[in-house]
Amino acid sequence: ILPEARAQGIVRILINAKETEQSGLATKIKNRYGLREVFIVPAAPVSMLPAKRYDDFLKRAAPVAAELLDRLVDEHHKAHSKRPYRVGLTGGETLLEFALASPDRKREHVHFYATAIVPHREIKEMAASHVDPSTTCTIAWSRSGRIPGFLHFTTMTPLEISGTGREAVNNIRQHLEELEASNGKIRDAISAMQTFDAVFAGLGTFTPP
(Lines give C-alpha, C1' and ligand atoms only; values in the text may rest on other atoms or scores of the structure.)
Protein backbone atom coordinates (compact mmCIF):
# COMPACT_ATOMS: atom_id res chain seq x y z
CA ILE A 1 0.00 0.00 0.00
CA LEU A 2 2.82 2.40 0.91
CA PRO A 3 4.52 2.45 -2.55
CA GLU A 4 1.11 3.03 -4.17
CA ALA A 5 0.34 5.87 -1.77
CA ARG A 6 3.76 7.44 -2.48
CA ALA A 7 3.21 7.14 -6.25
CA GLN A 8 -0.11 9.00 -5.94
CA GLY A 9 1.39 11.71 -3.77
CA ILE A 10 -0.80 10.79 -0.78
CA VAL A 11 2.20 9.87 1.34
CA ARG A 12 5.61 11.56 1.30
CA ILE A 13 8.68 10.34 3.12
CA LEU A 14 10.98 13.28 3.74
CA ILE A 15 14.22 14.02 5.49
CA ASN A 16 13.91 17.08 7.70
CA ALA A 17 15.62 19.52 5.34
CA LYS A 18 15.72 22.40 7.83
CA GLU A 19 17.48 20.25 10.41
CA THR A 20 20.09 18.94 7.98
CA GLU A 21 20.64 22.42 6.53
CA GLN A 22 21.72 23.69 9.95
CA SER A 23 24.24 20.91 10.50
CA GLY A 24 27.88 21.88 10.85
CA LEU A 25 28.94 20.16 7.64
CA ALA A 26 26.24 21.87 5.59
CA THR A 27 27.27 25.25 6.96
CA LYS A 28 30.93 24.63 6.11
CA ILE A 29 30.06 23.61 2.55
CA LYS A 30 27.78 26.62 2.07
CA ASN A 31 30.46 29.01 3.26
CA ARG A 32 33.23 27.35 1.27
CA TYR A 33 31.44 27.43 -2.07
CA GLY A 34 29.00 30.33 -1.63
CA LEU A 35 25.89 28.17 -1.88
CA ARG A 36 22.39 29.18 -0.83
CA GLU A 37 21.31 25.82 0.58
CA VAL A 38 22.95 22.47 1.27
CA PHE A 39 21.16 19.27 2.23
CA ILE A 40 23.08 16.43 3.83
CA VAL A 41 21.82 12.92 3.10
CA PRO A 42 23.10 10.28 5.55
CA ALA A 43 25.14 7.53 3.92
CA ALA A 44 24.65 3.80 4.35
CA PRO A 45 26.78 1.84 6.86
CA VAL A 46 30.37 1.22 5.79
CA SER A 47 29.77 -2.49 6.28
CA MET A 48 27.46 -2.53 3.26
CA LEU A 49 28.95 -3.54 -0.11
CA PRO A 50 30.04 -0.48 -2.18
CA ALA A 51 27.50 -1.07 -4.96
CA LYS A 52 24.71 -1.53 -2.42
CA ARG A 53 25.82 1.60 -0.55
CA TYR A 54 25.52 3.70 -3.70
CA ASP A 55 22.07 2.30 -4.51
CA ASP A 56 21.01 3.01 -0.93
CA PHE A 57 22.33 6.58 -1.16
CA LEU A 58 20.34 7.22 -4.35
CA LYS A 59 17.16 6.01 -2.66
CA ARG A 60 17.81 8.40 0.26
CA ALA A 61 18.76 11.41 -1.85
CA ALA A 62 16.05 11.18 -4.52
CA PRO A 63 13.08 12.16 -2.28
CA VAL A 64 15.02 15.18 -0.98
CA ALA A 65 15.59 16.42 -4.54
CA ALA A 66 11.98 15.68 -5.52
CA GLU A 67 10.74 17.73 -2.55
CA LEU A 68 13.05 20.58 -3.57
CA LEU A 69 11.58 20.58 -7.10
CA ASP A 70 8.05 20.94 -5.74
CA ARG A 71 9.14 23.70 -3.37
CA LEU A 72 10.77 25.65 -6.21
CA VAL A 73 7.73 25.16 -8.43
CA ASP A 74 5.30 26.29 -5.72
CA GLU A 75 7.41 29.36 -4.90
CA HIS A 76 7.57 30.26 -8.59
CA HIS A 77 3.80 29.96 -9.05
CA LYS A 78 3.14 32.19 -6.04
CA ALA A 79 5.44 34.88 -7.42
CA HIS A 80 4.78 34.63 -11.17
CA SER A 81 1.41 32.91 -11.50
CA LYS A 82 1.19 31.48 -15.03
CA ARG A 83 4.69 32.23 -16.33
CA PRO A 84 6.32 28.99 -17.56
CA TYR A 85 8.86 27.37 -15.25
CA ARG A 86 11.62 25.63 -17.22
CA VAL A 87 13.41 22.69 -15.62
CA GLY A 88 16.46 21.05 -17.19
CA LEU A 89 17.37 17.46 -16.36
CA THR A 90 20.59 15.58 -17.07
CA GLY A 91 20.77 11.81 -17.49
CA GLY A 92 22.23 9.04 -15.36
CA GLU A 93 21.07 6.84 -12.52
CA THR A 94 20.95 9.66 -9.97
CA LEU A 95 18.46 11.64 -12.05
CA LEU A 96 16.50 8.50 -12.86
CA GLU A 97 15.91 7.91 -9.14
CA PHE A 98 14.98 11.59 -8.72
CA ALA A 99 12.40 11.38 -11.50
CA LEU A 100 10.95 8.15 -10.10
CA ALA A 101 10.74 9.68 -6.60
CA SER A 102 8.69 12.65 -7.78
CA PRO A 103 5.08 12.10 -6.65
CA ASP A 104 2.32 12.19 -9.23
CA ARG A 105 0.80 15.65 -9.28
CA LYS A 106 -0.20 18.11 -11.99
CA ARG A 107 2.62 20.65 -12.15
CA GLU A 108 0.97 23.33 -14.25
CA HIS A 109 3.21 25.58 -16.35
CA VAL A 110 6.30 23.39 -15.65
CA HIS A 111 8.25 22.49 -18.79
CA PHE A 112 10.87 19.73 -18.75
CA TYR A 113 13.96 19.92 -20.99
CA ALA A 114 16.74 17.44 -21.65
CA THR A 115 20.09 19.20 -21.11
CA ALA A 116 21.76 17.45 -24.03
CA ILE A 117 21.10 16.73 -27.67
CA VAL A 118 21.54 12.97 -27.73
CA PRO A 119 23.23 11.28 -30.70
CA HIS A 120 21.54 7.88 -30.35
CA ARG A 121 23.68 4.91 -31.22
CA GLU A 122 24.58 1.54 -29.78
CA ILE A 123 27.74 1.85 -27.70
CA LYS A 124 28.85 -1.63 -26.71
CA GLU A 125 31.40 -0.47 -24.18
CA MET A 126 28.86 1.73 -22.38
CA ALA A 127 27.52 0.49 -19.06
CA ALA A 128 24.06 -1.04 -19.30
CA SER A 129 22.83 1.38 -16.65
CA HIS A 130 23.32 4.49 -18.80
CA VAL A 131 20.19 6.66 -18.80
CA ASP A 132 19.68 9.41 -21.39
CA PRO A 133 18.41 12.87 -20.35
CA SER A 134 15.41 12.29 -22.62
CA THR A 135 14.44 9.33 -20.42
CA THR A 136 14.62 11.23 -17.12
CA CYS A 137 12.67 14.11 -18.68
CA THR A 138 9.94 11.79 -19.94
CA ILE A 139 9.48 10.21 -16.51
CA ALA A 140 9.42 13.57 -14.69
CA TRP A 141 6.94 14.92 -17.24
CA SER A 142 4.74 11.81 -16.94
CA ARG A 143 4.59 12.31 -13.16
CA SER A 144 3.62 15.96 -13.64
CA GLY A 145 0.30 15.52 -15.41
CA ARG A 146 1.57 14.54 -18.90
CA ILE A 147 0.61 17.96 -20.22
CA PRO A 148 0.97 18.05 -24.03
CA GLY A 149 3.76 20.32 -25.24
CA PHE A 150 5.55 20.46 -21.88
CA LEU A 151 8.22 17.82 -22.67
CA HIS A 152 11.18 19.03 -24.75
CA PHE A 153 14.12 17.11 -26.18
CA THR A 154 15.65 16.43 -29.55
CA THR A 155 18.00 13.82 -30.94
CA MET A 156 20.38 13.70 -33.89
CA THR A 157 22.31 11.19 -35.93
CA PRO A 158 25.41 9.68 -34.27
CA LEU A 159 28.55 11.80 -34.33
CA GLU A 160 31.29 10.61 -36.64
CA ILE A 161 34.43 11.24 -34.61
CA SER A 162 37.70 11.46 -36.49
CA GLY A 163 41.15 12.06 -35.09
CA THR A 164 42.25 11.92 -31.46
CA GLY A 165 42.73 14.35 -28.60
CA ARG A 166 42.38 18.02 -29.47
CA GLU A 167 41.76 17.22 -33.15
CA ALA A 168 38.76 15.03 -32.25
CA VAL A 169 37.34 17.73 -29.95
CA ASN A 170 37.65 20.35 -32.68
CA ASN A 171 36.01 18.05 -35.23
CA ILE A 172 33.08 17.41 -32.88
CA ARG A 173 32.70 21.13 -32.18
CA GLN A 174 32.71 21.92 -35.90
CA HIS A 175 30.12 19.21 -36.57
CA LEU A 176 27.82 20.55 -33.84
CA GLU A 177 28.15 24.11 -35.13
CA GLU A 178 27.17 22.92 -38.62
CA LEU A 179 24.17 21.09 -37.20
CA GLU A 180 23.08 24.16 -35.24
CA ALA A 181 23.35 26.33 -38.33
CA SER A 182 21.45 23.95 -40.61
CA ASN A 183 18.86 22.32 -38.33
CA GLY A 184 16.16 24.55 -36.86
CA LYS A 185 15.05 21.98 -34.27
CA ILE A 186 18.56 21.65 -32.85
CA ARG A 187 19.00 25.43 -32.91
CA ASP A 188 15.75 25.85 -30.97
CA ALA A 189 16.82 23.22 -28.42
CA ILE A 190 20.16 24.95 -27.83
CA SER A 191 18.41 28.31 -27.43
CA ALA A 192 15.98 26.81 -24.92
CA MET A 193 18.89 25.60 -22.80
CA GLN A 194 19.78 29.24 -22.09
CA THR A 195 16.42 29.92 -20.43
CA PHE A 196 16.22 27.31 -17.63
CA ASP A 197 14.86 28.40 -14.26
CA ALA A 198 16.34 25.32 -12.55
CA VAL A 199 18.60 22.44 -13.51
CA PHE A 200 18.82 19.10 -11.72
CA ALA A 201 22.13 17.50 -12.56
CA GLY A 202 24.10 14.46 -11.47
CA LEU A 203 27.85 14.67 -10.86
CA GLY A 204 28.57 11.07 -11.73
CA THR A 205 29.42 8.06 -9.60
CA PHE A 206 32.03 8.53 -6.94
CA THR A 207 33.46 6.00 -4.49
CA PRO A 208 35.34 7.73 -1.65
CA PRO A 209 37.86 5.61 0.28
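Draft legend 1. Fine view of the nonpolar core. The biggest cluster of nonpolar side chains holds 17 residues, and the ones touching the most others in it are Val87, Leu89, Phe98, Phe112 and Phe200. Beyond its immediate stretch of four places on either side in the chain, Phe200 contacts Ala65, Leu68, Leu69, Leu72, Val87, Gly88, Leu89, Thr90, Leu95 and Phe98. With six residues, the next largest nonpolar core counts Ile117, Met156, Leu179 and Ala189 among its residues.

Draft legend 2. Structural context of the sheet that holds strand 1 (residues 85-89). Pairing is parallel in the open sheet, where four strands are placed in the order 4-2-1-6. Edge strands, defined here as strands with exactly one partner in the open sheet, are strand 4 (151-152) and strand 6 (198-200). For strand 2 (residues 110-114) and strand 4, the ladder comprises two bridges, and the chain directions are parallel. What sits directly across from Phe112, in strand 4, is Leu151. Sitting on the sheet, helix 4 (residues 50-80) is in contact with strand 1, strand 2 and strand 6, with an inclination near 170° to strand 6.

Draft legend 3. Examining the packing of aromatic side chains more closely. Taken as a whole and assessed by the stated rule, the structure comprises two aromatic pairs. For the ring pair Phe98 and Phe200, a centre distance of 4.7 Å and an interplane angle of 10° mean the geometry is stacked. Of this pair, Phe98 sits in helix 5 (residues 93-101) while Phe200 sits in strand 6, placing them 102 residues apart in sequence. Phe200 shares its class with Phe98; the two are buried. Look at Tyr113 and Phe196: their rings are 5.5 Å apart centre to centre, the planes differ by 50°, and that puts the pair in the tilted class.

Draft legend 4. Local environment of the packing of helix 7 (residues 165-182) against helix 8 (residues 184-192). One way to put it is that helix 7 packs onto helix 8 with a least axis distance of 5 Å and a crossing angle of 105°. Relative to helix 8, helix 7 is oriented roughly perpendicular. Along its contact with helix 7, which presents Leu179, Glu180, Ala181 and Ser182, the element helix 8 presents Gly184, Ile186, Arg187 and Ile190. Each residue belonging to the contact of helix 7 with helix 8 can be placed in one class, and the counts come to four nonpolar, two polar and two charged.

Draft legend 5. Quick peek at the packing of helix 5 against helix 6 (residues 133-142). At a minimum axis separation of 8 Å, helix 5 and helix 6 run at an interaxial angle of 10°. Classified by the interaxial angle, the pair formed by helix 5 and helix 6 is roughly parallel. Note on element contacts: helix 6 touches helix 5 through Thr136, Ile139 and Ala140, opposite Leu95, Leu96, Ala99 and Leu100.

Draft legend 6. Local environment of the side chain of His76. With respect to the element layout, His76 can be found in helix 4. You can call His76 buried: its relative accessible area is 5%.

Draft legend 7. Seen up close, the pattern of salt bridges. Under the defined criterion, the tally for this structure stands at nine salt bridges. In this structure, the salt-bridge partner of Arg107 is Asp70, at a minimum N-O distance of 2.7 Å. Pair noted here: Arg107 is in the loop between helix 5 and strand 2 and Asp70 is in helix 4, with a separation of 37 residues, a long-range link.

Draft legend 8. Examining the pairing of strand 1 more closely. For strand 1, a buried count of four out of five residues is recorded, marking the element as mostly surrounded by other parts of the structure. Bridge count between strand 1 and strand 2: five bridges; the pairing is parallel. Following the sheet pairing, Arg86 is matched in strand 2 by His111. Between the parallel elements strand 1 and strand 2, the chain passes through helix 5 in a crossover that is right-handed. When strand 1 meets strand 6, the two strands line up parallel, connected through three bridges. Bridging from a neighbouring strand, Val87 pairs with Ala198 of strand 6.

Parameters at a glance
- Residues numbered from 1 in each chain as written.
- Predicted model: local features only at pLDDT ≥ 70, side-chain atom pairs only at ≥ 80, totals over all residues.
- Heavy atoms only, no water.
- Core = buried A, V, L, I, M, F, W, Y, C linked by side-chain atoms within 4.5 Å.
- Buried < 20%, exposed > 50% of the residue type's maximum accessible area, 1.4 Å probe, protein only.
- Contact = heavy atoms within 4.5 Å.
- Pairing = 2+ DSSP bridges.
- Helix = DSSP H or I, 4+ residues; strand = E, 2+ residues; numbered from the N terminus.
- Axes fitted to C-alpha atoms, helices over the stretch in contact; angles between N-to-C directions.
- Phe/Tyr/Trp six-rings, centres within 6.5 Å; stacked < 30°, edge-to-face > 60°.
- Parallel < 35°, antiparallel > 145°, perpendicular 65-115°, else oblique.
- Nonpolar A, V, L, I, M, F, W, Y, C, P; charged D, E, K, R; others polar.
- Salt bridge = Lys/Arg side-chain N within 4 Å of Asp/Glu carboxyl O.
- Right-handed = clockwise from strand over helix to strand, strands pointing away.

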